[in-house]
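Given next are the chains, with one letter for each unit.
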Amino acid sequence: GDWIWTDRTNDQRTNSAYDLAADLRDLRITADDRYVYVYAGLSDIPNAVDPSPTVLALAFDTDRLNGDALENWIGDESGTGLNSVGTNKCRAERLVEISQDGTFVYVPSTSTWSNASSARAFVGKTNNGIEARIPRTTLGLPMATALTLRVAAAVFDRAAANPQSS
């Protein structure tokens, strides 16, 4: 089945000329035995060339261990943390950023961003959505196995959409 989440409208930051591009409206995630599929609906993705491209950032906590020492942040250098309070903390084994520049994955064990060239993504300026198909192996997930994940999502406008360049 699909996991579907709906966000409040107009709760984005307002310090950018492209602030509506960072308003996440809904997020849908599903998977089959080979891929994880993601759809993020946004308020607006500008048709004009955006000097700060819209980036969908996803954090995948694949083992759901509260105390592990893996990544507790999302959005590269945005300063955004994951569940800093509470008992069910999200600690990501994989961080993914999707933009018009491609799909990039951060693996904590190597401390590097890499281009997930086997992933497919589309940033739709007509339908104001971002769609992606990410191989389970890219996320460190076994093939053809049912499992439960923690997922955190955020949308950003950033000066460099390719995290390898920042």
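To keep things clear, this report deals only with the structure shown in the data block. Everything numeric in this text was worked out from a predicted model, so none of it was measured.

Parameters at a glance
Residues numbered from 1 in each chain as written. Predicted model: local features only at pLDDT ≥ 70, side-chain atom pairs only at ≥ 80, totals over all residues. Heavy atoms only, no water. Helix = DSSP H or I, 4+ residues; strand = E, 2+ residues; numbered from the N terminus. Buried < 20%, exposed > 50% of the residue type's maximum accessible area, 1.4 Å probe, protein only. Contact = heavy atoms within 4.5 Å. Areas by Shrake-Rupley, 256 points an atom, 1.4 Å probe, with all protein chains shown as cover. Pairing = 2+ DSSP bridges. Axes fitted to C-alpha atoms, helices over the stretch in contact; angles between N-to-C directions. Phe/Tyr/Trp six-rings, centres within 6.5 Å; stacked < 30°, edge-to-face > 60°. Salt bridge = Lys/Arg side-chain N within 4 Å of Asp/Glu carboxyl O. Core = buried A, V, L, I, M, F, W, Y, C linked by side-chain atoms within 4.5 Å. Polar contact = N/O pair within 3.5 Å; in protein donor to acceptor, adjacent residues only side chain to side chain.

Regarding its fold elements, the protein chain presents zero helices and twelve strands. Taken across its 166 residues, the protein chain has 45% of its residues classed as buried. Long-range contacts, defined as pairs at least 24 residues apart, comprise 58% of the intrachain contacts of the protein chain with a sequence gap of at least 6. About 8500 Å² of surface is accessible on the protein chain, with carbon and sulfur atoms providing 47% of the total.

The five strands are arranged β1-β2-β3-β11-β10 in an open sheet whose pairing can be described as antiparallel. Edge strands, defined here as strands with exactly one partner in the open sheet, are β1 (3-6) and β10 (120-124). Between one strand axis and the next, the sheet turns through 10 degrees on average, direction left out of account. For β10 and strand β11 (residues 129-135), the ladder comprises five bridges, and the chain directions are antiparallel. Opposite Val123, over in β11, you have Ile130 as the bridge partner.

Looking now at the packing of aromatic side chains. Counted under the stated rule, the structure contains two aromatic pairs. Ring geometry for Tyr106 and Trp113: centres 5.3 Å apart, planes at 55 degrees, overall tilted. For Tyr106, a relative accessible area of 10% corresponds to the buried category. Owing to a relative accessible area of 14%, Trp113 belongs among the buried residues under this scheme.

Time to look at the pattern of salt bridges. Under the definition given, this model contains two salt bridges. We note a salt bridge from Asp61 to Arg150, for which the minimum N-O separation is 3.2 Å. In this pair, Asp61 is assigned in strand β4 (residues 54-61) and Arg150 in strand β12 (residues 150-157), connecting sequence segments 89 residues apart. Residue Arg150 is classed as buried on the basis of its relative accessible area of 18%.

Counting 24 residues, the largest nonpolar core has Val38, Leu56, Val96 and Ile98 as its most contacted members. Mapped by element, the contributors of at least two residues to this core are β2 (24-31), β3 (35-42), β4, β7 (94-99), β8 (102-107) and β11. Take this core: its biggest share by element is four residues, from β3. Setting aside residues no more than four positions away along its own chain, Ile98 makes contact with Thr54, Val55, Leu56, Leu58, Thr103, Ala121, Ile130, Ala132 and Ile134. In this structure, Ala57, Ala59, Phe104 and Trp113 belong to the second largest nonpolar core, which totals twelve residues.

Right, let's talk about the environment of Glu93 for a bit. Here Glu93 is to be found in the loop between β6 (80-81) and β7. Considering only alpha carbons, one finds Glu93 and Asp63, 30 residues apart in sequence, at a separation of 7.9 Å. Here the side chain of Glu93 touches Thr62 through a polar contact of 2.5 Å, landing on its backbone nitrogen.

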